[in-house]
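# Reading the structure
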Amino acid sequence: MSPPNLDFLWLEITGRCQLECTHCYAESGPGKTHGTMTVRDWTNVIDQAADAGVCMVQFIGGEPTLHPDLPVLIDYALAAEIEVEIYSNLVHVPDRLWATFRQPGVRLATSYYSDDPAQHMTITRRNTLPRTEANIERAVELGIPLRVGIIDLGDGQCIEQARSQLADLGVTNMGIDRMRLLGRPAQRACNASELCGRCGDGIAAVLPDGTLSPCPLSRWLAAGNVTTTPLTELAPRVQRLAATHISPALPEACKPPCEPQCNPGCNPGVNAPGGGGGCQPKMSCNPNQPCKPNNPCQPDVTPKK
């Protein structure tokens, strides 16, 4: 029996970030580290990903541009014929990174909240909106493929104004998602009904310590560690984890088809992977039958061999 298909990987190379966003599912911030994965560990994962048929990786954090070896890892993935997306807050992009980002096979993604600097600072806890907007504009000018996810946290947030501002900056690929009650906003609660339900379906996330999870949002589910177990062996475990601990938390009324579909991988026409409008929680697919059941945190859900 062949192993489950694996098309796309999130590579969470750091927990460090300049921002401390109120809605951060990874609870990133300036005091966090790059984790325990070495550059050799990450390149080993990329090699295994290529052998497994992965066609795209997304470097995330934290803020991936803070990792000193990001250019090395991007070049390594490209050499392995894997497309790359970097999900960055675009607060600070050194000149050396712009040259890396302009390579064929590389694209950028970012989050955006409001055209109002005060609203932006309330959400991110930093006054960085002008820098983010300037770097969005520069990415557009340089012709780097860019998508932007507008995250709606409620409370009168200027969503339509944000969309208009992004259009003025030249952004053509944008989507809207709502805040997920996971990580910092959920105060560490593990609520599988906040997920889209496609976690582990040809996709997986490698966290800064090497843990493999069905996706970055379902990080409390551990299939094992890529530093000790081959990716091809962990892929079936990820699929079983999602089927066991995520799908039961989602009523049948909220099963696919739900739109917009969460389809990462290699489809450039989909506003995915990694957030934005491409991966809505299933609880939003049927407003008359909201998905409410929780999947409680479990201390050890690593499946047995």
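Details of the structure are given in the entry above.
Throughout what follows, the structure given in this document is the object of discussion. (Residues numbered from 1 in each chain as written. Predicted model: local features only at pLDDT ≥ 70, side-chain atom pairs only at ≥ 80, totals over all residues. Heavy atoms only, no water.)

The subject of this paragraph is the overall build of the protein. The number of helices and strands found in the protein is seven helices and eight strands. Residues classed as buried in the protein amount to 55% of the 305 residues present. In the structure as shown, the protein presents an accessible area of about 12,900 Å², 51% of it carried by carbon and sulfur atoms. (Helix = DSSP H or I, 4+ residues; strand = E, 2+ residues; numbered from the N terminus. Buried < 20%, exposed > 50% of the residue type's maximum accessible area, 1.4 Å probe, protein only. Areas by Shrake-Rupley, 256 points an atom, 1.4 Å probe, with all protein chains shown as cover.)

Below, the discussion takes up the packing of aromatic side chains. Taken as a whole, this structure holds two aromatic pairs when the rule is applied. For the pair Phe-8 and Trp-10, a centre-to-centre distance of 4.8 Å together with 90° between the ring planes defines the contact as edge-to-face. Judged by its relative accessible area of 0%, Phe-8 is buried. Centre to centre, the rings of Trp-98 and Phe-101 are 6.1 Å apart; their planes meet at 85°, and the pair counts as edge-to-face. In this pair, Trp-98 and Phe-101 both sit in helix 3 (residues 95-101), three residues apart, roughly one turn of the helix. Its relative accessible area of 1% is what places Phe-101 among the buried residues. (Phe/Tyr/Trp six-rings, centres within 6.5 Å; stacked < 30°, edge-to-face > 60°.)

So, on to the side chain of Glu-85. Topologically, Glu-85 is positioned in strand 3 (residues 83-87). One polar contact links Glu-85 to Arg-147, side chain to side chain, over a distance of 2.8 Å. (Polar contact = N/O pair within 3.5 Å; in protein donor to acceptor, adjacent residues only side chain to side chain.)

A few words on the nonpolar core. Counting residues in each nonpolar core, the largest one holds 52 residues, and the members touching the most others are Leu-9, Leu-11, Phe-59 and Phe-101. Ignoring anything within four residues of it in the chain, the contact list for Leu-11 reads Trp-42, Val-45, Ile-46, Val-57, Gln-58, Phe-59, Ile-60 and Val-206. Residues Phe-8, Ala-205, Leu-207 and Cys-215 belong to the second largest nonpolar core, which totals 12 residues. (Core = buried A, V, L, I, M, F, W, Y, C linked by side-chain atoms within 4.5 Å. Contact = heavy atoms within 4.5 Å.)

Here we take up the environment of Gly-210. If you trace the backbone, Gly-210 turns up in the loop between strand 7 (203-206) and strand 8 (212-213). Look at Gly-210 and you get buried, because its relative accessible area is 0%. On a C-alpha basis, the gap between Gly-210 and Asp-41 in space is 8.3 Å, while along the polypeptide they are 169 residues apart. Non-local contacts of Gly-210, meaning those with residues more than four positions away in its chain, are made with Met-37, Gly-224, Asn-225 and Val-226.

Moving on, we come to the environment of Leu-231. Relative to the helices and strands, Leu-231 is located in helix 7 (residues 231-245). What makes Leu-231 buried here is its relative accessible area of 1%. The sequence separation of Leu-231 and Ala-52 amounts to 179 residues, and the corresponding C-alpha distance is 7.9 Å. In this structure, Leu-231 is in contact with Leu-6, Leu-9, Val-45, Gln-48, Ala-49, Leu-212 and Val-226, ignoring residues within four places of it in sequence.

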